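Single-letter residue listing:
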Amino acid sequence: MQDDLDAPARKRTHNLAHDLVAKLTQSILLGQMLPGDKLPSENSIVQEHGVSRTVVREAISKLQASGLVETRHGIGTFVIERAPEQGLRLNVDTALGVRSILELRLGLETQAAALAAIRRTDPQLAQMREALDDYQSLLANNDSCVEADRRFHLLIAEATGNVCFTEIMQHLGSAMIPRTRVNAAERGAADLSKLGQLANLEHEAILNAIKRQDADAARAAMWLHLTNSRDRFLADRD
């Protein structure tokens, strides 16, 4: 009988630990905590996330099992370098490879945008806005805006609340930005500055839909952005 009474409490602890693992994992995958960085103390995590010490310890244990952190006795818990992925091999250094990646992203990111519109938080929305502001400033100065572009798409993945989206996007890395991947001979006469300006307008449409929490509009805006990216970048090669 007592076991039955204790079961809901154990389930709640497990769910809280799962949520905490997801939050910490996303911080690591998004580069907010880098290899060598020390995680906040147990007390700090308890206070910041409003969970018990038991939840924190279970979450840290799961992060250790995932190979994301290691605990050094008497010192603390640290983010560690992730081992190279062995299962997924993507050829993204040719125009054909770029098209393949964009087709993959069409399925992945349209759903991510829809989920982000439903689940995003105000702080996440503010981070997306900051990424696009950085993108626009860099574009205006004729500087590379690849990092800001990639950050915007990663933040959308994070806002889904589903770490699988974040992990796949993190794995793609700079390959998700097609204009960085193809050599000059294959790019031909493509005007990358003009492509960036067009992409900027599409990013704004995505952000506005997510801000309104309109899942259908966010899905459609992302689909338009990615299909336009594919068509613009590969127009001279088909």
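Predicted model only: the values in this text are computed from it and were never measured.

Definitions and cut-offs
- Residues numbered from 1 in each chain as written.
- Predicted model: local features only at pLDDT ≥ 70, side-chain atom pairs only at ≥ 80, totals over all residues.
- Heavy atoms only, no water.
- Helix = DSSP H or I, 4+ residues; strand = E, 2+ residues; numbered from the N terminus.
- Buried < 20%, exposed > 50% of the residue type's maximum accessible area, 1.4 Å probe, protein only.
- Contact = heavy atoms within 4.5 Å.
- Areas by Shrake-Rupley, 256 points an atom, 1.4 Å probe, with all protein chains shown as cover.
- Axes fitted to C-alpha atoms, helices over the stretch in contact; angles between N-to-C directions.
- Parallel < 35°, antiparallel > 145°, perpendicular 65-115°, else oblique.
- Left-handed = near helix turned anticlockwise from the far one by under 90°.
- Pairing = 2+ DSSP bridges.
- Arc of directions from axis to C-beta.
- Polar contact = N/O pair within 3.5 Å; in protein donor to acceptor, adjacent residues only side chain to side chain.
- Nonpolar A, V, L, I, M, F, W, Y, C, P; charged D, E, K, R; others polar.

### Some points on the overall build of the protein chain
When you go through the protein chain residue by residue, the secondary structure sums to 10 helices and two strands. Across the 238 residues that make up the protein chain, the buried fraction comes to 40%. Long-range pairs, those at least 24 residues apart, make up 72% of the contacts in the protein chain with a sequence separation of at least 6. As presented, the protein chain carries roughly 12,800 Å² of accessible surface, and 51% of it is formed by carbon and sulfur atoms.

### What to know about the packing of helix H2 (residues 42-49) against helix H3 (residues 53-65)
Remark: H2 packs on H3, axes separated minimally by 9 Å, with the N-to-C direction vectors making an angle of 110°. One element, H2, and the other, H3, form an angle in the roughly perpendicular class. The handedness of the crossing between H2 and H3 is right-handed. On the side of H2, the interface is formed by Glu 42, Asn 43, Ile 45 and Val 46, while H3 contributes Arg 53, Val 56 and Arg 57.

### Considering the pairing of strand E1 (residues 69-72)
Of the strand pairs in this sheet, E1 and strand E2 (residues 76-79) are connected by four bridges, and their pairing is antiparallel. Its bridge partner lying in E2, Thr 71 is registered against Thr 77. Between E1 and the antiparallel strand that follows it, E2, lie three residues; Gly 74 among them carries a positive phi value of about 80°.

### Some words on helix H7 (residues 163-172)
Side chains three or four residues apart in an α-helix point the same way, a direct result of the helix having 3.6 residues per turn. By the burial criterion, the buried members of H7 are Phe 165, Thr 166, Met 169 and Leu 172. With its buried residues spanning 125° around the axis, H7 presents them on a single face. With a side-chain oxygen positioned 2.9 Å from the backbone nitrogen of Cys 164, the residue opening H7 is Asn 162.

### Topic: the packing of helix H6 (residues 146-159) against H7
Look at H6 against H7: their axes get within 8 Å of each other, and the N-to-C directions meet at 160°. Relative to H7, the element H6 is oriented roughly antiparallel. On H7, the residues that touch Arg 150, His 153, Leu 154, Ala 157 and Glu 158 of H6 are Phe 165, Thr 166, Met 169 and Gln 170. In terms of residue class, the contact of H6 with H7 is made up of four nonpolar, three polar and two charged.

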